Amino acid sequence: MKPDLSVNVAGIKMKNPVGVASGTFGYGVEYAELLDLSQLGFITVKGIRKEPCEGNPTPRIWEVPGGMLNAIGLQGPGTEGFIEDYMPFLRTVDVPVIVNIWGTTLNGYVQTAEDLSDVDGIAALEINVSCPNVKEGGSSFGASPKSVFEVVSAVRKTTKLPLITKLAPNVPDIRVFAKAAEEAGSDALAVSNTLPGMAFDIEERRPVLANKTGGLSGSALHPVAVKLVWDAASAVNIPIIGMGGIFEPADAIEFLVAGASAVAVGTANFIDPSTSLRVIDGIEDYMKRHDMDTVSQIAV
Amino acid sequence: MRLHETPVISNLPLSGGYYMLSLGAPELSTEAKPGQFVHLRIPNIEASSLRRPFSICDAEAGVIKILYKVVGRGTEAMARIAVNETVNVMGPLGNSFPCPVDDKMPLLVAGGYGVAPLYFFAKNSTTKGALFVGGRSEQDILLVEDFTKIGWETYVSTDDGTLGDKGFVTQILDKWQGAHPATKIEIFACGPDPMLAAVDTRAQNWGVEAWLSLDRHMGCGVGACLGCVQKIRRKTNSGTEEYMARVCRDGPIFRANTIVWEE
């Protein structure tokens, strides 16, 4: 029997548990020529706030062993630009669209959520309290369980859309943050964002990134993220979307075994844009091999 | 733009750590326009390594050629690619040089391996013109004979004077312009930023059109990651504005007097 790959994560109906992570897939349209987007479980678009954002100076990216550092700084068109320029295309793709949102202030998150609440074609909002590359907002809101609670509560009051809270990896105990998001009304968690990192040009004796520090993603992050998913899953009853260094089906299955309900492919999109589709096939093969009918059976 | 599995036809060392990689890519070679680039997945390197972008140096008869210099671990691995291996290529990507205007003489200005897209351009151009190429030393001056063979004038400069005039490529360009003040010209350039900025200034001073191809580290190559942006000036209804253009998707070629050069 063909296994059923469909999942329902916080009310978002997905054909399969494999989507793409925010910041690694633009607004979908950039990859439309390279793969059939409708085969994806979901698309999470690049983080946006109410106002357009120029992002950080360059260089913004740097390859490191096992992955890359980025400090894009959440460049984006603002909610109005996003709705006008990108939503018409996204509505034509038969796939749930999750919009990653951020703000420099609590009110900024609320206003961004307000602008997106009644927009046709948006399946959920992902609250970004964990971007390491912006001076205000982003990870500063994710640094304490109290501020995570405040941001999520405020956004919760603003919208009926399902909310996913994207947590930072560099916290002493992610369970506390996971619980804070759950208690504030988050419907799911995204675990996790990139890990702060740095690289130097030793000849010039200066950081390679203009922002000095960046977020580490790629294979190097994978075992870190697997543990975070495992820990978070032990603390909450809401579903978790696991992400961090998925390059092969086995990497994704590991997250599902550790307790994730769905996964997102990130950096691998840059290297092999068909990674998500290979991962979907790999999960199906795995389920057949283990005689599993539903994705939830993969969890330990 | 697509992904192509391309067999390696040759991977030949040139002088000074430069190589020419030839790949069997029938579709790409028909589709590619001068100035466009491909994003290569390097075999025999850890799987999480990013792709590397390279200008298309030539595209003819089902083969594309890529000129590269060994500068780091990616290009070191590229130098080890053997004939009959396959390379995964994404492309063609980015915009292309506009067709040269008939009544203007095209002047090509290249720094080092910046000759790559300009050679493809020269081969496809119906109007012949002149190439100005500069490099640090003799070994950094590439493909000059190939330009001569297809009927282009060539002028060479090196920083150390080991080939051609001693000095910067913009100095031999100035010399030529001084000798031909009445000739209508259009400039096409590819090289390091300081060279492009110097060409940009000249284009504005001389009141001529110039097209500048930027070289950047890239992530995705398709405009999704926003890793390779460049601040660009553009006209709006109410004046001008500056925005972060994606070199991979909105470029790599930008018109003179639109690039906001960093100090």
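Residues numbered from 1 in each chain as written. Chains lettered and ligands numbered in written order. Predicted model: local features only at pLDDT ≥ 70, side-chain atom pairs only at ≥ 80, totals over all residues. Heavy atoms only, no water.

### Observations regarding the environment of B:C225
Residue and element names in this part refer to chain B.
Right, on to step 1. Along the polypeptide, C225 turns up in the loop between β13 (209-213) and β14 (229-236).
Right, on to step 2. Judged by relative accessible area, which is 5%, C225 ranks as buried.
Right, on to step 3. For the pair C225 and R246, spaced 21 residues apart in the sequence, the C-alpha separation amounts to 9.1 Å. (Helix = DSSP H or I, 4+ residues; strand = E, 2+ residues; numbered from the N terminus. Buried < 20%, exposed > 50% of the residue type's maximum accessible area, 1.4 Å probe, protein only.)

### Considerations on the pairing of strand β4 (residues 52-55) of chain B
Side chains on a regular strand alternate between the two faces of the sheet.
Residues and elements named next belong to chain B.
Right, on to step 1. The two faces of β4 differ: R52 and F54 on one face are buried, but P53 and S55 on the other face are not.
Right, on to step 2. Direction of pairing for strand β3 (residues 37-41) relative to β4: antiparallel, over a ladder of four bridges. Its bridge partner lying in β4, V38 is registered against F54. (Pairing = 2+ DSSP bridges.)

### Re helix α8 (residues 249-258) of chain A
All names here are of chain A.
Right, on to step 1. Judged by how many residues are buried, α8 sits mostly within the fold: seven of ten residues are covered.
Right, on to step 2. On the buried face of α8, the contacting elements are α7 (222-235), β15 (240-243), β16 (262-265) and α10 (275-289).
Right, on to step 3. Within two residues after α8, G259 carries a phi angle of roughly 125°, on the positive side. (Contact = heavy atoms within 4.5 Å.)

### Comments concerning the side chain of A:R49
All names here are of chain A.
Right, on to step 1. By the secondary structure assignment, R49 is in the loop between β4 (42-48) and β5 (61-64).
Right, on to step 2. Within the local environment of R49, its side chain forms a polar contact with the backbone oxygen of E51, the two atoms lying 3.1 Å apart.
Right, on to step 3. Every residue in contact with R49, bar those within four places of it in the chain, is listed here: G78, T79, W102, T104 and T112. (Polar contact = N/O pair within 3.5 Å; in protein donor to acceptor, adjacent residues only side chain to side chain.)

### Considerations on the state of the cysteines
All names here are of chain B.
Right, on to step 1. This structure, assessed with the given rule, holds zero disulfides over all chains.
Right, on to step 2. A disulfide-free cysteine, C228 has its sulfur positioned 3.8 Å from the sulfur of C248, the nearest such atom.
Right, on to step 3. For C228, a relative accessible area of 4% puts it in the buried group. (Disulfide = S-S within 2.5 Å.)

### A few points about the sheet that holds β5(A)
Strand-to-strand pairing in sheets goes through backbone hydrogen bonds, with the strands running parallel or antiparallel.
Residues and elements named next belong to chain A.
Right, on to step 1. Here we have four strands laid out as an open sheet, ordered β5-β6-β14-β11, and antiparallel in their pairing. Whereas interior strands pair on both sides, the edge strands pair on one side only; in this sheet they are β5 and β11 (195-198). Direction aside, neighbouring strands of the sheet carry axes that sit 40° apart on average.
Right, on to step 2. By the bridge criterion, three bridges tie strand β6 (residues 67-70) to strand β14 (residues 213-217) in an arrangement that is antiparallel. Bridging across to β14, M68 finds its partner in S217. (Axes fitted to C-alpha atoms, helices over the stretch in contact; angles between N-to-C directions.)

### Digging into the pairing of strand β12 (residues 185-190) of chain B
Residue and element names in this part refer to chain B.
Right, on to step 1. Buried residues dominate β12, accounting for six of its six residues.
Right, on to step 2. Burial of the side chains of β12 extends over both faces: I185, I187 and A189 are buried on one face and E186, F188 and C190 on the other.
Right, on to step 3. With six bridges connecting them, strand β8 (residues 105-111) and β12 associate as parallel partners. Each bridged residue has a counterpart across the sheet, and for P106 the counterpart in β12 is E186.
Right, on to step 4. In terms of handedness, the path from β12 via helix α6 (residues 193-206) over to β13 forms a crossover that is right-handed. (Right-handed = clockwise from strand over helix to strand, strands pointing away.)

### Re a nonpolar patch on the surface
All names here are of chain A.
Right, on to step 1. Taken together, the side chains of M198, F200 and I202 make up a nonpolar region of the molecular surface, amounting to roughly 340 Å² of accessible area.
Right, on to step 2. Secondary-structure assignment places M198 in strand β11.
Right, on to step 3. Classification of M198 by relative accessible area gives partly exposed; the value is 43%. (Patch = residues over 30% accessible without salt bridge, like charges linked within 9 Å, V, L, I, M, F, W, Y side chains within 5 Å. Areas by Shrake-Rupley, 256 points an atom, 1.4 Å probe, with all protein chains shown as cover. Salt bridge = Lys/Arg side-chain N within 4 Å of Asp/Glu carboxyl O.)

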